[in-house]
Amino acid sequence: MRICVAHETVYRYERPAKSVIQTLRLTPRSHDGQHVVRWRIDVDQDVRLSQSEDAFGNISHAFTAIGSIESLRVRVEGEVETHDNAGVLHGVVERFPVSLYLRDTGLTQADASIQDFASRSAAAAGGGLAACHALMQAIHDRVEVSRDPKQPAAGLIEALATGSGVAQDASHLFIACARSLGIPARYVSGLLWQPPAQQSSATHAWAEAYVEGLGWVGFDPALSVCPTIHHIRVAAGLDYLSAAPVRGAHYGGDGESLEVAIDIGEKGEHPQAQRQSQS
């Protein structure tokens, strides 16, 4: 499948900012499940966009804009060809031993309720791949995932307790459950194409678990599927913070507002646009 993406983020300041610093993880890498045909990032300020790889092997770009900044626009355009590997990853850059992904973080810490939920969910499955599928289905059944891009993450403990959250919460919950069972797991940020009637937000998140004999396998508890040709994998890490699409800070610039517009569609079709505003 050929997926075309146009992603634009605009920051506006009621009082001009003196400087803006950002790190972007918005560029996917090619692997056996996807081929990046073309990809480009543009910033409408006079900046030097520096490309590097972060600790996890994600492609990152950083820039510093200095001056009286009333608005700043970051635009990403690209095309990715995806292939169905049933969620199994091959050819992905790996910087760390698998055991690192058993490490808890502040966003993936499993309390007693999560440990109990994980044990009960995977009890009948035994272990390995079957346990991961059982966890994915149990989380999908337990947590109603909102696709509203304006809804903030609830946190995995609250998402489990209330039965509602966003894709980030469901992914963190899967990771916490898997690690509590001794299964290495990590967070993935990416993009999702859906048919026009179903498309609500193109930004998405899921998890990957390490299965002996298979390697890394993707699990999307928000949709209860292993990643398909509709998923574009962009960045991965221990949790959201190490795979966040955008992180940064600004100095000065009171009254910041944010507007995000994403057009995503199969090549040859009219792309579907989603807009998000945030103050």
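Computed from a predicted model, the values in this text were never measured in an experiment. Counting starts from 1 at the beginning of each chain's written sequence and moves along it residue by residue. Local features in a predicted model are, by the rule used here, given only for residues with pLDDT of at least 70; side-chain atom pairs are given and counted only at 80 or more, and totals for whole chains, interfaces and linings are based on all residues. By convention in this description, side-chain values take in all heavy atoms of the structure and omit both hydrogens and water.

Engineer: Explain the side chain of serine 189 here, please?
Structural biologist: The numbering of helices and of strands both runs from the N terminus, where a helix is a DSSP run of H or I of at least 4 residues and a strand a run of E of at least 2. Mapped onto the fold, serine 189 is located in strand 7 (residues 185-192). In the analysis that follows, any N or O atom pair within 3.5 Å is treated as a polar contact, provided that within protein one partner can donate a hydrogen and the other can accept it, and provided that, for residues neighboring in sequence, both atoms belong to side chains. A polar atom in the side chain of serine 189 sits 2.7 Å from the backbone oxygen of alanine 243. Contact criterion: two residues are considered in contact whenever any of their non-hydrogen atoms come within 4.5 Å of each other. If sequence neighbours within four positions are ignored, serine 189 has contacts with His204, Arg233, Val234, Ala235 and Ala243.

Engineer: Looking at this model, I keep getting lost on the environment of glutamine 45. Mind explaining?
Structural biologist: Relative to the elements of secondary structure, glutamine 45 occurs in the loop between strand 2 (34-43) and strand 3 (50-53). The spatial distance from the C-alpha of glutamine 45 to the C-alpha of valine 234 is 24 Å, given a sequence separation of 189 residues. Leave out the neighbours within four places in its chain, and glutamine 45 touches Ala65, Ile69, Ser71 and Leu72. Within the local environment of glutamine 45, its side chain forms a polar contact with the backbone oxygen of serine 71, the two atoms lying 2.9 Å apart.

Engineer: How should I be thinking about helix 1 (residues 112-122) in this particular structure?
Structural biologist: Side chains three or four residues apart in an α-helix point the same way, a direct result of the helix having 3.6 residues per turn. Regarding helix 1, the residues found buried are Ile114, Phe117, Ala118, Ser121 and Ala122. End-on view of helix 1: buried residues confined to an arc of 110 degrees, all on one side of the axis. Among the exposed residues of helix 1, those pointing more than 90 degrees away from its buried face are Ala112 and Arg120. Accessibility here uses a 1.4 Å probe with only protein chains present; expressed as a share of the type maximum, an area under 20% marks a residue as buried, one over 50% as exposed, and anything in between as partly exposed. Taking the helix axis as origin, the arc is that swept by the directions to the C-beta atoms.

Engineer: Explain the nonpolar core here, please?
Structural biologist: Counting 66 residues, the largest nonpolar core has Leu72, Ile114, Leu173, Phe174 and Phe219 as its most contacted members. With sequence-adjacent residues up to four places away left out, leucine 173 is seen in contact with Ile114, Ile139, Val143, Leu156 and Leu160. Nine residue types can take part in a nonpolar core, namely buried Ala, Val, Leu, Ile, Met, Phe, Trp, Tyr and Cys, and a core is a set of them joined through side-chain atoms within 4.5 Å. In terms of nonpolar packing, the next biggest core, distinct from the first, is built from 7 residues, Val92, Tyr101, Trp216 and Leu238 among them.

Engineer: Would you mind going over the pattern of salt bridges with me for this structure?
Structural biologist: Any two side chains of opposite charge can pair, on the condition that their charged atoms come close. Salt bridge, as applied in this entry: a Lys or Arg side-chain nitrogen positioned within 4 Å of an Asp or Glu carboxyl oxygen. Tallied over the entire structure, the rule returns 16 salt bridges. Notably, a salt bridge pairs glutamate 53 with arginine 29, separated by 2.9 Å at the nearest N-O pair. With glutamate 53 in strand 3 and arginine 29 in the loop between strand 1 (2-27) and strand 2, the pair connects residues that are 24 residues apart, well separated along the chain.

Engineer: Please explain helix 4 (residues 167-180) as it appears in this structure.
Structural biologist: With 14 residues, helix 4 should cover 20 Å at 1.5 Å per step; its first-to-last C-alpha distance of 20 Å lies within 8% of that length. A large share of helix 4 lies buried, amounting to 13 of its 14 residues. Backbone geometry just downstream of helix 4 places glycine 182 in the positive-phi region, at approximately 85 degrees. Helix span, as expected, comes to 1.5 Å for every residue beyond the first.

Engineer: Teacher, can you tell me more about the packing of helix 2 (residues 128-142) against helix 4 here?
Structural biologist: Two quantities define a packed helix pair, namely the angle between the axes and the distance from one axis to the other. To obtain each axis, a line is fitted to C-alpha atoms, and for helices this fit is confined to the stretch in contact; angles are then taken between N-to-C directions over 0 to 180 degrees. The N-to-C vectors of helix 2 and helix 4 enclose an angle of 140 degrees; their axes lie 10 Å apart at closest approach. When the axis of helix 2 is compared with that of helix 4, the two are oblique. The two elements helix 2 and helix 4 cross, and the hand of that crossing is right-handed. Contact with helix 2, carried on its side by Cys132, Leu135, Met136 and Ile139, involves Ala170, Leu173, Phe174, Cys177 and Ala178 of helix 4 and no other residues of that element. Asp, Glu, Lys and Arg are counted as charged, while Ala, Val, Leu, Ile, Met, Phe, Trp, Tyr, Cys and Pro are counted as nonpolar; the rest, among them Gly, fall into the polar class. Its residues assigned to classes, the contact of helix 2 with helix 4 comprises 9 nonpolar, no polar and no charged. Reported orientations rely on four angle classes, namely roughly parallel under 35 degrees, roughly antiparallel over 145, roughly perpendicular from 65 to 115, and oblique for the rest. It is the rotation of the near helix from the far one that decides the hand of a crossing: anticlockwise by less than a right angle makes it left-handed, clockwise makes it right-handed.

Engineer: For this particular structure, what's the right way to read unusual backbone geometry?
Structural biologist: For residues that are not glycine, phi is negative in most cases, and the peptide bond is trans in most cases. With a phi close to 55 degrees, alanine 86 is a non-glycine residue in the positive phi region. Non-glycine residue serine 224 carries a positive phi angle of around 60 degrees. Among the structural elements, serine 224 can be located in the loop between strand 9 (215-219) and strand 10 (231-237). Residue class for serine 224 comes out buried when judged on its relative accessible area of 18%.

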